Amino acid sequence: MTPPQQTVLPQQSTLPRPPQNRLPEDRRHMIRRRWLTAVIIVLLVGIPAGYLVISAGQSRDSGRDKERESSAAGLQDNWPSLMKRRVFEIPIPPGAWDVAYYETSNWKTSRLYVQFTTTAGGLDAFLAESGTARSALAPGRITVGERDADIAGWTFAPGVTWAGAVVTREEPRPRTDITVDLTDPAFPRVYAVSTTSP
């Protein structure tokens, strides 16, 4: 006869007891701990909030600058930015003078109006980089329309040696109307309107 098997019960683990020798937190340590917690919360919340405020201010200032530029009436005596010249494909030749520009924009079309004076070589370079040539300039032709001339404040008076060309490109690239005052062939005056439909 086999001896009866003894049932072994699993031993229950005893829960850890908090140390009895730990002293309660005194007032000075509690104040220091709460102060440190408050500083951390302020840093975690305050620094990102500060960045947001600064970023919003910079964005607002940038928007105001753009709005001021867009609302400026008529041509501005300045070079358009390199980005504008690239977008509208108006390669103003280096060394050009009396440069002025004006930009209009709405949901349908954007236009860049540019005028400048250059040399005969500068005109050839401008035309070549625009995708045309001096041979395309039709004598007596004014390619800038009356509406665009009114917006830019240009007057194409009779008695001036005008010549014009239109550079058409595949969309969405801009179309450029170029009118040149060749009264002094050594120093031609260029009037260009580049139109793009985004």
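Rules of the game
Residues numbered from 1 in each chain as written. Predicted model: local features only at pLDDT ≥ 70, side-chain atom pairs only at ≥ 80, totals over all residues. Heavy atoms only, no water. Helix = DSSP H or I, 4+ residues; strand = E, 2+ residues; numbered from the N terminus. Buried < 20%, exposed > 50% of the residue type's maximum accessible area, 1.4 Å probe, protein only. Contact = heavy atoms within 4.5 Å. Areas by Shrake-Rupley, 256 points an atom, 1.4 Å probe, with all protein chains shown as cover. Pairing = 2+ DSSP bridges. Core = buried A, V, L, I, M, F, W, Y, C linked by side-chain atoms within 4.5 Å.

Asker: So, the overall build of the protein chain: which residues are in play, and what are the values?
Answerer: A count of helical and extended segments in the protein chain gives four helices and six strands. Secondary structure of the protein chain in N-to-C order comes out as α-α-β-β-α-β-α-β-β-β. Counting over 198 residues, the protein chain shows a buried share of 31%. Across the protein chain, contacts joining residues at least 24 apart in sequence account for 51% of those joining residues at least 6 apart. Carbon and sulfur atoms form 57% of the exposed surface of the protein chain, whose accessible area is close to 14,200 Å².

Asker: Talk me through the side chain of Thr132; I want residue IDs and the actual numbers.
Answerer: Examined against the element boundaries, Thr132 turns out to sit in the loop between α3 (120-130) and β3 (138-139). Excluding anything up to four places from it in sequence, Thr132 contacts Leu127 and Val167.

Asker: Lay out the pairing of strand β5 (residues 175-181) with the relevant residues and their values.
Answerer: The buried fraction of β5 amounts to six of the seven residues, a majority that puts the element mostly inside the structure. Note that strand β4 (residues 162-167) and β5 share six bridges and pair antiparallel. Opposite Ala163, over in β5, you have Val180 as the bridge partner. In this structure, β5 lies alongside strand β6 (residues 189-196), joined through seven bridges in antiparallel fashion. Across the sheet, residue Thr179 finds its bridge partner in β6, namely Tyr191.

Asker: How would you sum up the nonpolar core? Please name residues and give values.
Answerer: Across soluble globular proteins, nonpolar side chains have a tendency to be buried as a group. Core analysis: the biggest nonpolar cluster contains 21 residues, and Ile90, Phe116, Leu123, Phe126 and Ile178 have the highest contact counts within it. Contributing elements (two or more residues each) for this core: β1 (97-105), β2 (110-117), α3, β4, β5 and β6. With sequence-adjacent residues up to four places away left out, Ile178 is seen in contact with Phe126, Leu127, Ser130, Thr143, Ala163, Gly164, Ala165, Val167, Val190, Tyr191 and Ala192. Grouped together as the second largest cluster of nonpolar side chains are 10 residues, Ala149, Ala152, Phe156 and Trp162 included.

Asker: Could you give an account of the pairing of β1, with specific residues and numbers?
Answerer: When β1 meets β2, the two strands line up antiparallel, connected through seven bridges. The residue of β2 that forms the bridge with Tyr101 is Val114. Counting the residues that bridge the hairpin from β1 to β2 gives four residues.

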